[in-house]
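So you can see what is in the structure, the chains are spelled out below.
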Amino acid sequence: MMSASPTIAALATAPTAGAVGILRLSGPAALDVGRLLAPGVPVEPTPRHAYLATFVDAQGRALDEGLFLYFRAPYSFTGEDVVELQAHGSPRLLSLLLARALEDERVRPATPGEFTRRAFLSGRLDLTRAEAVADLVAADSEAAVRAAAAGLSGVLASRVRALEEPLRELHADLEGVLNFPDEAEGADAEAGARVTVLRAQAEALLSEAGRGRLVRRGARVALYGPVNAGKSTLFNRLVGEARALVDDEPGTTRDSLEARVEWDGLGVTLFDTAGLREAPGRVEALGIARTRELLAGVDLSVLVLPPGATDTEAETWLREAGGTRVLAVDGKCDVADARGRDGAHAVSQRAFTEAQPDSTVARASPGVTSRSRPRVSGLTGEGVEALRASMLGHLWGGGTPSAVALVSERHADALRRAAEALARASAASHASTLEVVSGEVGLALEALGEVSGTSVSEALLDAIFQRFCIGK
Ligand SMILES: Nc1nc2c(ncn2[C@@H]2O[C@H](COP(=O)(O)OP(=O)(O)O)[C@@H](O)[C@H]2O)c(=O)[nH]1
Ligand SMILES: [Mg+2]
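Residues numbered from 1 in each chain as written. Chains lettered and ligands numbered in written order. Predicted model: local features only at pLDDT ≥ 70, side-chain atom pairs only at ≥ 80, totals over all residues. Heavy atoms only, no water.

The sheet contact formed by strand E1 (residues 7-11) and strand E2 (residues 18-26) spans 4 bridges and is antiparallel. Within the sheet, the bridge partner assigned to Ala 10 lies in E2 and is Arg 24. Remark: 6 residues form the turn of the hairpin made by E1 and E2, two consecutive strands paired antiparallel. In this sheet, strand E5 (residues 82-89) lies alongside E2 in antiparallel orientation, the contact comprising 8 bridges. If you follow Leu 23 over to E5, its bridge partner there is Leu 85. (Pairing = 2+ DSSP bridges. Helix = DSSP H or I, 4+ residues; strand = E, 2+ residues; numbered from the N terminus.)

This is how it looks when you write it as structure tokens:
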């Protein structure tokens, strides 16, 4: 059968000068057109063999010398005939080669992600793996690279399949009983129990969306607290360079500063904020408003308290964080230690806190006591490693950041709908007719199909592949 799909062409490398630039062709005319550009290559080249070839213009004049690779359908990325020309990485040369390929009427420029889309449509990749290709290209931390690689090797795909297949069997059993009550008698036994198991599985997968989000866009962490608590000094220490201006005049930091770091492979954007205090100057007030806004949108806030802060003060500050998770620390612990050596301050402080409940993290709720607060000094570095580990622990929980099924917002949305349909199916299995249970199971199956790609619309595919680059 002749394939109706046109042959597509695009540069697979970035349009900047580099060692190598790649022109990629996919479709029935790929070999013909590839050979127009590299006429020295045999009419029937050996697939997957690297030919050293001269690339020529329309008049047959040499433009470059490079590698010619042919992948015969269906043993290629797209499942179609694919040709790759590896030339020297000159953007101008590559645009000449591309223009020459496009002169052939069987060829048109590829749209973003079209090679991967064809791979999906030909069944070479399921949708989660196709999306992992884009995740890998966009990955900007080691955790993101590793998670995308896991996606590419089918980690998410197999978990979705492990849910989709038994769900499809259940749906078939229920429909069988509904349509052929005599033959299929008894196939609906245990339907309620089967739904319960599948629902738990869908919810477990859904619960990984939070980690997926952290890996994908990195974690956002803000330091905040009263002026002069040592936030900027601690920020510099955590970032490992002197980014923030440090001064003993209160209110030095008026704007939020941010720096990107990578901790255990996880990308973290750290924010140093303006101190929050009463009756500030006008510019500072703007900074403070921005701090409040920022705190509402981070994954974790670190409240830095000055030495000797009371638990009542701490609780007042905790409320500033709104609904986000807060880790409270005592800053400038070297000062507190010095005072502890000279006098009674630290001792009375300890006596006061001994009676308090014990918790270091709160959702803007009371209970953070100075006894249980980690102590750090941005100046000496004391406690900073422990703080970093504690921050990671609160962001990530156990395990390492790379070990995650990369559940995207899109997947999460579909999984949520699947889990909700299964919840309704579960309720219906006790109370309603089998039609209702089967209908809900069918809806769950459809929602899951949007993740794996077994039931996706053209519009959804357009939206997904839009975020790819051309040539991918
Ligand atoms: N002894 C000591 N002084 C510190 C420490 N951190 C900051 N300071 C000093 O406290 C003042 C305010 O520090 P800064 O980091 O700008 O505080 P911010 O207003 O919270 O950002 C500066 O004079 C710092 O040198 C610390 O851990 N120990
Ligand atoms: Mg500051």
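Now that the structure has been shown, the text picks up again.
Let's shift gears to the packing of aromatic side chains. We describe a pair of aromatic rings using the distance from one ring centre to the other and the angle between the two ring planes. Inspection of every chain in the model, using the stated rule, returns 1 aromatic pair. Residues Phe 465 and Phe 468 carry aromatic rings whose centres are separated by 4.9 Å and whose planes lie at 45 degrees to one another, so their mutual orientation is tilted. The residues Phe 465 and Phe 468 share a single accessibility class, namely buried. A cation over an aromatic ring shows up here: Arg 24 above the ring of Phe 115, its NZ or CZ 5.4 Å from the ring centre. Directly above the aromatic system of Phe 77 lies the positively charged group of Lys 472, at a separation of 5.7 Å from the ring centroid. (Phe/Tyr/Trp six-rings, centres within 6.5 Å; stacked < 30°, edge-to-face > 60°. Buried < 20%, exposed > 50% of the residue type's maximum accessible area, 1.4 Å probe, protein only. Lys NZ or Arg CZ within 6 Å of the ring centre and 35° of its normal.)

Time to look at the side chain of Asp 126. Topologically, Asp 126 is positioned in the loop between helix H3 (114-121) and helix H4 (127-138). One buried charged residue, Asp 126, forms no salt bridge at all, with the nearest opposite charge on Arg 129 at 4.7 Å. Sequence-distant contacts of Asp 126, defined by excluding residues within four places in its chain, comprise Phe 120, Ala 157 and Ser 452. (Lys, Arg positive; Asp, Glu negative; His and termini not counted. Salt bridge = Lys/Arg side-chain N within 4 Å of Asp/Glu carboxyl O. Contact = heavy atoms within 4.5 Å.)

All right, on to the pattern of salt bridges then. Inspection of every chain in the model, using the stated rule, returns 28 salt bridges. A salt bridge links Arg 61 to Asp 57, with the shortest nitrogen-to-oxygen separation between them at 3.0 Å. On the basis of relative accessibility, which here comes to 13%, the residue Asp 57 falls in the buried class. Between Asp 135 and Arg 216 there is a salt bridge whose closest N-O contact spans 2.5 Å. Residue Asp 135 is found in helix H4, and its partner Arg 216 is found in helix H8 (residues 209-217); the two are separated by 81 residues along the sequence. The class of Asp 135 is buried, set by a relative accessible area of 10%.

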